[in-house]
Amino acid sequence: MLPEHKQILVVDDEPNLRRVLSAQLERDGYEVHTAEDGEQALGILKEHHIDLVITDLRMPRLDGMELLRRAQKIDAELPVVMITAHGTVDNAVEALKTGAFDYLTKPFDQVEVRTIVAKALRTRDLSATEASRPFHEIPTEGARYGIIGQSPSILELYAVLDRVADTPTTVLITGESGTGKELVARALHESSSRHDKSFIKVNCAAIPKDLMESELFGYERGAFTGAVGSKPGRFELASGGTLFLDEIGSIPVEMQVKLLRALQESEFERVGGVRTIRVDVRLIAATNSDLKKEIAQGGFREDLYYRLNVVPIRLPSLRERASDIPLLVMHFIGKFNTRLKKDIDGVEPAALARLMTYPWPGNIRELENVVERAVLFCDGDELHLSDLPAEVRGAAPIVTPIGFAESALSSTPLPPPSAETNSAPSDGLKEQVKAAMSRLERELIVRALEQTNGNVTHAARLLKISRKGLQLKMKELGLREQGDRGEV
Ligand SMILES: Nc1ncnc2c1ncn2[C@@H]1O[C@H](COP(=O)(O)OP(=O)(O)OP(=O)(O)O)[C@@H](O)[C@H]1O
Ligand SMILES: [Mg+2]
């Protein structure tokens, strides 16, 4: 069900570099081709539909500059990113003048790689069509569809949304409370060709059982006591647009049959009515309950489940994408600065460390509330530990209680957020968030390795990530196995 992946060609004569870079790009959801030199790369370019080339400058046979020139002849819009060693600015400048999209310096910084790749691919998308684009494709750093994030799971979400947004396909969104299910449902509607028609939301948990049918399908005069007139239901109101059935898990079983029929036939009758009404409605459903379990217990019909689950979108909990927390925090600080007429321009490192390790059972909604409260209580121009509620303040750093996370971040106060509520953080801000993140990650890993005497498997367990994931991280951060630090 995943959409086609963007295809990236990595060209370098050094196998290790190809491997590290491909691994990261694949993890970010791209399809990666590799070549050892320019000659081989040109062969791949002719055979595959490549969206982006990342190439080293110095290579045997055919070098990066020559590859750039020839690639432009094959596809003038193809973005080419150059890999340069530290301190070889002249080469980078020459490459940019010749038409390279950007350059990356060795050793790689994974956030930088991710940012440049995303930017390059977006530029290609934009130049591919002259037509004016809906809001979700207007590039703002760190956010698309109004959904903030750049963790792999969010990049994957963008890819799924790109694929399904403008289709009539039924989507079932699952995720814990506060993970953004409604936000995603609205984004799907807003970026579809139905956006000028209605988006009708029905909270199935809030409608009394007896009223559910008339709410959904409407009623005719005299259908029941008190039905003095006739009234269209939510299905009719959503005609031509999108119907969002929130908390679908709490819909009564009797109603599930009627709903299934309405979905399957695109038609229904009002309560007390004889006329069959046909509508064109795109259905999006959401739930935070485990429907599979409900099916097993007889609370949810399996046939309805399969009808709804055409495209499943599972939203990750905030714990699963803690790397997005700095971006989200800065986004919400900007929002509440405007709303509460404050001018907060950063987060004390100790406070950010807690925000990143607290488990967030209420997910983004809880984070948003915590930041609102903190902005309100904050007297200075920086959020402090003391501005956070006790439960967050008490969040233990993952590995050890001795406050290493503060030291990890100590030289990186966060810069000002942008004033506009909807805009994403500036490049400068992202640079700093990124630097702080890498330092924090590095510290966490070093500590975990120290605690486990360099045993990667045990350290991975302590950090709640896979061993492979930890090894990749260590490579990216230039950490050697056996627990000693140093550049690879
Ligand atoms: N990725 C995101 N970026 C920015 N804001 C987000 C993001 N995800 C969620 N939010 C915000 O968090 C809040 C909660 O989101 P939403 O109401 O969509 O969650 P939900 O999954 O529907 O929750 P519930 O299950 O409790 O109904 C909203 O204010 C929403 O705008
Ligand atoms: Mg909701």
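In the block above lies the structure referred to throughout.
Fair warning: this is a prediction, and the values are worked out from it, not measured in the lab.

A. Region of interest: the packing of helix α1 (residues 15-27) against helix α20 (residues 467-476). Running from N to C, α1 and α20 point in directions that differ by 125°, and their axes come no closer than 11 Å. Judged by the angle between their axes, α1 and α20 are oblique. Of the two elements, α1 crosses α20, and the hand of that crossing is left-handed. For the pair α1 and α20, contact is made by R19, V20, A23, Q24 and R27 and by L472, K475 and E476, respectively. Looking at side-chain class alone, the contact of α1 with α20 contains three nonpolar, one polar and four charged residues.

B. Spatial organisation of the nonpolar core. L216, F235, L243, L245, I248 and F300 are the most contacted members of the largest nonpolar core, which totals 31 residues. Looking at this core, the elements that each hand over two or more residues are β9 (199-203), α8 (212-217), β12 (242-246), α10 (253-265), β15 (282-287), α11 (291-296) and α12 (302-308). Dropping the residues within four chain positions of it, F300 is found in contact with I248, G249, I251, Q256, L291, E294, I295, Y305 and L308. Within the second largest apolar cluster, 30 residues are counted, among which are L318, A351, A374 and L383.

C. Geometry of the pattern of salt bridges. Under the defined criterion, the tally for this structure stands at 23 salt bridges. In this structure, the salt-bridge partner of R69 is E66, at a minimum N-O distance of 3.2 Å. With a gap of three residues between them, R69 and E66 both fall in helix α3 (residues 64-74), about one helical turn apart. Among the residues examined, E66 registers a relative accessible area of 27% and is labelled partly exposed. Note that E269 and R261 form a salt bridge whose closest N and O atoms lie 3.2 Å from each other. Here R261 falls in the partly exposed class, since its relative accessible area comes to 33%. Connected through shared salt-bridge partners, R261, E267, E269 and R278 make up one network.

D. Structural context of the sheet that holds strand β1 (residues 7-11). Within the open sheet, the five strands sit side by side as β2-β1-β3-β4-β5. Their pairing is parallel. Bordering the open sheet on either side are β2 (31-35) and β5 (102-105), each of which pairs with just one other strand. Sheet twist, expressed as the mean angle between neighbouring strand axes with direction ignored, is 20°. Note: β1 against strand β3 (residues 52-56), four bridges, orientation parallel. Bridge assignment links V10 to a residue of β3, and that residue is I54. On top of the sheet, α1 reaches β1, β2, β3 and β4 (80-84); it is set at about 165° to β2, its chief contact.

E. Main features of the pairing of β1. Across the five residues that make up β1, a large majority, five, are buried. Bridge count for β1 against β2 is five bridges, and the pairing is parallel. Looking at the pairing, Q7 lines up with E31 of β2. One crossover worth recording links β1 to the parallel β2 by way of α1, and it is right-handed.

F. Here's a closer look at the site of ligand 1. In the vicinity of ligand 1 lie 17 residues, with S177, G178, K181, R365 and E368 positioned nearest. The protein chains hide 84% of the 640 Å² of surface that ligand 1 would expose on its own. Only β7 (147-148), α7 (181-190), α13 (325-340) and α15 (363-377) provide two or more residues apiece to the shell around ligand 1. In terms of residue class, the shell around ligand 1 is built from six nonpolar, five polar and six charged.

G. Main features of the environment of A23. Turning to its location among the elements, A23 is positioned in helix α1. Between the C-alpha atom of A23 and that of L472, which follows or precedes it by 449 residues, the distance is 8.1 Å.

H. The arrangement of the packing of aromatic side chains in detail. Scanning all chains against the criterion turns up eight aromatic pairs. The interplanar angle of 40° and the centroid separation of 5.1 Å between the aromatic rings of F217 and F268 together place this pair among those described as tilted. Taken together, the residues F217 in helix α8 and F268 in strand β13 (residues 267-269) connect sequence positions 51 residues apart. For the pair F217 and F268, one class covers both residues: buried. Here the aromatic residues F217, F235 and F268 are joined through ring pairs into a cluster of three or more. Against the face of F377 rests R373, its NZ or CZ located 4.8 Å from the ring centre.

I. Molecular detail of helix α2 (residues 38-47). Of all the positions in α2, only G38, A41, L42, I44 and L45 are classed as buried. Projected down its long axis, α2 carries its buried residues within an arc of 165°, all on one side. Relative to its buried face, α2 has exposed residues pointing more than 90 degrees away, namely K46 and E47. Against β1, β2, β3 and α3 lie the buried residues of α2. The N-cap of α2, judged by a side-chain oxygen 3.0 Å from the amide nitrogen of E39 a few residues on, is D37.

J. Examining the sheet that holds strand β8 (residues 171-174) more closely. Pairing within the open sheet is parallel, and its five strands lie in the order β9-β12-β15-β8-β16. The open sheet has two free edges, formed respectively by β9 and β16 (311-314), since each of these has just one partner strand. When the angles between neighbouring strand axes are averaged without regard to direction, this sheet yields 20°. Where β8 meets β16, four bridges bridge the pair, whose relative direction is parallel. Each bridged residue has a counterpart across the sheet, and for T174 the counterpart in β16 is R314.

So, how was this worked out
- Residues numbered from 1 in each chain as written.
- Chains lettered and ligands numbered in written order.
- Predicted model: local features only at pLDDT ≥ 70, side-chain atom pairs only at ≥ 80, totals over all residues.
- Heavy atoms only, no water.
- Axes fitted to C-alpha atoms, helices over the stretch in contact; angles between N-to-C directions.
- Helix = DSSP H or I, 4+ residues; strand = E, 2+ residues; numbered from the N terminus.
- Parallel < 35°, antiparallel > 145°, perpendicular 65-115°, else oblique.
- Left-handed = near helix turned anticlockwise from the far one by under 90°.
- Contact = heavy atoms within 4.5 Å.
- Nonpolar A, V, L, I, M, F, W, Y, C, P; charged D, E, K, R; others polar.
- Core = buried A, V, L, I, M, F, W, Y, C linked by side-chain atoms within 4.5 Å.
- Buried < 20%, exposed > 50% of the residue type's maximum accessible area, 1.4 Å probe, protein only.
- Salt bridge = Lys/Arg side-chain N within 4 Å of Asp/Glu carboxyl O.
- Pairing = 2+ DSSP bridges.
- Right-handed = clockwise from strand over helix to strand, strands pointing away.
- Near = heavy atom within 4 Å.
- Areas by Shrake-Rupley, 256 points an atom, 1.4 Å probe, with all protein chains shown as cover.
- Phe/Tyr/Trp six-rings, centres within 6.5 Å; stacked < 30°, edge-to-face > 60°.
- Lys NZ or Arg CZ within 6 Å of the ring centre and 35° of its normal.
- Arc of directions from axis to C-beta.
- Polar contact = N/O pair within 3.5 Å; in protein donor to acceptor, adjacent residues only side chain to side chain.

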